[in-house]
Amino acid sequence: MSDDFELLIIGAGPAGLAAARAYRQLRRDGEVAIVGDEHRMPYERPPLTKELLRGEIGFDQLAIEEEDWLIEQRVQLISGRAVTLDTGEHTVRLSGGRQLSYETCLLATGAEPNRLPIPGADHPRVRIVRTADHVRELLVRLNGGARVTVIGSGFIGCEIAASLRMRGHPVQLVSDETAPNAARLGDEAAAIIRDWLRDDGVSLHLGAPVDRIEPGAGAAAVIAGERRIEADVIVMASGVSPRSELAAQAGLELDDGAIGVDASMRTARDGLLAAGDVCKAHNLTAGRALRVEHWGDALSQGEIAGATAAGSDVRWDSVPGFWSTIGTRTLKYAAWGDGFEQTSLRRHHDGGFTGWYGTGGRLVGVLTHDADEDYERGSERIALGARWTW
């Protein structure tokens, strides 16, 4: 088996798989490999906090492609962890000592969940959710009516809280935000999400940061201000950070922890690309670099990286966007993602709503629930730089 590759992909997530697909669509020759440290086929991540956690699908239903795809597309899947990158010699060394050489290397290493820098963050009752194994470990602890406390009111925290309530667990959500996603979506939209969670039976403790986690009555306790919240299981959903250690080791300059790339996913080093959650990429339409943490954009950036490696001239120019399902309700959001100055939320007669976001006299974001036409129209208008008229 060759250890020399035309395209060597570090990371078996959506960006890595999309890159291999795109490369093979354009070039049938050349050796391609994906290096992954989870010892499984690349798989869907969005169901982890929803269908998989709720028990509606099994772990065997997560794979994006069957193993036969590797043979058909002549792509090697190498289990291992990359520990050294030499951009001068074009080599990558794995933890077991194996050395791989490349013509083009793509860093698609994703992001790692943050643990709050507080006493007790490493308590054995504290879990995180980012991988299939994380969900498997969490499910083992969810015996009977285990009480769960979720720390964090971003989309992942809200999804986990709602899913665990659907499983029948008592769930409490703790956040320093006054309403879920208030910083990202504004007060009106955040209030709607807050009401959804309350309607689903999630107990909310908002407006106070978590100070520490300490032993409790047969379990653990989350201390937030004057509040003491007992739990059998604590899920920390406090954001993610780029897994950029390999790039840092190779001497690349990072931008807020992320790898800077141009619109074709090229880094400042010859033969080195980056895509997905680990990178901060220039978007042609936005006219600036953006860092996004969305599944769909990781796929798009991976596809661009694969096409770039194959010699095509493709650029990232789409408006970032994603869907989030909280319980039985789905939000769709498209935005440049770097803030807004004005917002306008309109409720529809069928229970849906549309939120519009503006900056500098231009439309920069749209949020919808049961308003798909507004989502599609809004995404197009954002890309066109439409004027803010609300």
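So, here's what we can say about the structure.

**Comments concerning the sheet that holds strand E26 (residues 362–369)**
Piece 1. Strands sit in the order E22-E23-E26-E25-E24 across an open sheet of five strands; the sheet is antiparallel. On the outer flanks of this sheet lie strand E22 (321–326) and strand E24 (342–347), each paired with one strand and no other. Shown here is a sheet whose adjacent strand axes are inclined to one another by a mean of 15°, direction ignored.
Piece 2. Direction of pairing for E22 relative to strand E23 (residues 329–335): antiparallel, over a ladder of six bridges. Bridge pairing in E23 places serine 324 opposite leucine 331.

**Topic: the packing of aromatic side chains**
Piece 1. For the structure on display, the rule yields five aromatic pairs.
Piece 2. Seen from their ring centres, phenylalanine 322 and tyrosine 333 are 5.5 Å apart, and the 65° between their planes marks the pair as edge-to-face. Of this pair, phenylalanine 322 sits in strand E22 while tyrosine 333 sits in strand E23; the two residues are eleven residues apart in sequence, bridging distant segments of the chain. The two residues phenylalanine 322 and tyrosine 333 agree in class, both being buried.
Piece 3. Three or more aromatic residues joined by ring pairs form one cluster here, namely Phe155, Phe322, Tyr333, Phe340 and Tyr357.
Piece 4. In this structure, arginine 136 packs its charged tip against the face of phenylalanine 59, placed 4.0 Å from the ring centre.
Piece 5. Positioned above the aromatic ring of tryptophan 323 is the side chain of lysine 332, whose terminal nitrogen or guanidinium carbon lies 3.7 Å from the ring centre.

**Considering the pairing of E22**
Residues in a regular strand point their side chains to alternate faces of the sheet.
Piece 1. Burial analysis of E22 places five of its six residues in the buried class, which makes it a mostly covered element.
Piece 2. Turn length for the E22-E23 hairpin, with the two strands adjacent in sequence and antiparallel, is two residues, and the turn residue glycine 327 shows positive phi of about 70°.

**Quick look at the nonpolar core**
Piece 1. Counting residues in each nonpolar core, the largest one holds 105 residues, and the members touching the most others are Leu8, Ile10, Val92, Leu107 and Leu197.
Piece 2. At six residues, the largest contribution of residues to this core is made by helix H5 (residues 155–166).
Piece 3. Apart from residues lying up to four places away in sequence, leucine 107 is in contact with Ile10, Leu85, Leu246, Ala247, Ile259, Leu272, Leu273, Ala274, Ala275 and Val278.

**Considering the packing of helix H1 (residues 14–26) against helix H9 (residues 295–309)**
Piece 1. Across the interface, H1 lies against H9 with an axial gap of 7 Å and an inter-helix angle of 35°. For the crossing formed where H1 meets H9, the hand is right-handed. Packed against H1, whose contacting residues are Pro14, Ala15, Ala18, Ala19, Ala22, Tyr23 and Leu26, the element H9 presents Trp295, Ala298, Leu299, Gly302, Glu303, Gly306, Ala307 and Ala309 at the interface.
Piece 2. In terms of residue class, the contact of H1 with H9 is built from twelve nonpolar, two polar and one charged.

Criteria and thresholds
- Residues numbered from 1 in each chain as written.
- Predicted model: local features only at pLDDT ≥ 70, side-chain atom pairs only at ≥ 80, totals over all residues.
- Heavy atoms only, no water.
- Pairing = 2+ DSSP bridges.
- Helix = DSSP H or I, 4+ residues; strand = E, 2+ residues; numbered from the N terminus.
- Axes fitted to C-alpha atoms, helices over the stretch in contact; angles between N-to-C directions.
- Phe/Tyr/Trp six-rings, centres within 6.5 Å; stacked < 30°, edge-to-face > 60°.
- Buried < 20%, exposed > 50% of the residue type's maximum accessible area, 1.4 Å probe, protein only.
- Lys NZ or Arg CZ within 6 Å of the ring centre and 35° of its normal.
- Core = buried A, V, L, I, M, F, W, Y, C linked by side-chain atoms within 4.5 Å.
- Contact = heavy atoms within 4.5 Å.
- Left-handed = near helix turned anticlockwise from the far one by under 90°.
- Nonpolar A, V, L, I, M, F, W, Y, C, P; charged D, E, K, R; others polar.

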